[in-house]
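# Architecture at a glance
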Amino acid sequence: QVQLVESGGGLVQPGGSLRLSCAASGSFDSGNAMGWHRQAPGKQRDWVARIRSDGEQWYADSVKGRFTASRDNAKNTVYLQMNSLKPEDTGVYYCNTVIGGNRVYWGQGTQVTVSS
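Residues numbered from 1 in each chain as written. Predicted model: local features only at pLDDT ≥ 70, side-chain atom pairs only at ≥ 80, totals over all residues. Heavy atoms only, no water.

## As for the packing of aromatic side chains
- Within the structure shown, the criterion is met by one aromatic pair.
- Ring centres 6.3 Å apart and planes at 85° place the aromatic pair Tyr-94 and Trp-106 in the edge-to-face group. Remark: Trp-106 occurs in strand 10 (residues 103–106) and Tyr-94 occurs in strand 9 (residues 91–99); sequence separation between them is twelve residues.
- Stacked on the ring of Tyr-79, the Lys or Arg Arg-19 has its end atom at 4.0 Å from the ring centre.
- In this arrangement the basic side chain of Arg-45 is found over the ring face of Tyr-94, its NZ or CZ atom lying 3.7 Å from the centre. (Phe/Tyr/Trp six-rings, centres within 6.5 Å; stacked < 30°, edge-to-face > 60°. Helix = DSSP H or I, 4+ residues; strand = E, 2+ residues; numbered from the N terminus. Lys NZ or Arg CZ within 6 Å of the ring centre and 35° of its normal.)

Written out as structure tokens, the structure reads:
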């Protein structure tokens, strides 16, 4: 099993920045790609970003240019730097990884609230 623990969420004003972390433990292989998703109450959980083991990144259009994913494979940790935050970025942010092509692991989520 794999455990994923997000941290770094909080309340921030529009235009502000926040850096999320996701620490993986257990049977996690740093060769696995990791992703970030977010979910607002009553909304679907939407994909936000993906980062491959070699650092290649992909982003949803809604966050492209504002969010940056990175990872420290030695620490089994992935980060999401969020800049120029907007109220619509509010939600619970989850990191995830897929093992063996079919086993999906999620963290517990960390709340991000963007409000003045």
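Picking up where we left off.
## Looking at the nonpolar core
- Counting 28 residues, the largest nonpolar core has Leu-4, Leu-20, Trp-36, Phe-67, Leu-80, Met-82 and Tyr-93 as its most contacted members.
- Here this core takes four residues from strand 3 (residues 18–26), the largest share from any one element. (Core = buried A, V, L, I, M, F, W, Y, C linked by side-chain atoms within 4.5 Å. Buried < 20%, exposed > 50% of the residue type's maximum accessible area, 1.4 Å probe, protein only.)

## Quick word on the pairing of strand 8 (residues 77–82)
- Counting buried positions along strand 8 gives five out of six residues, so the element sits mostly inside the fold.
- The pairing of strand 3 with strand 8 spans six bridges and is classified as antiparallel. Across the sheet, Ala-23 pairs through a bridge with Thr-77, a residue of strand 8.
- Relative to strand 8, strand 7 (residues 67–72) is paired through six bridges, and the arrangement is antiparallel. When the bridges of strand 8 are listed, Phe-67 appears paired with Met-82. (Pairing = 2+ DSSP bridges.)

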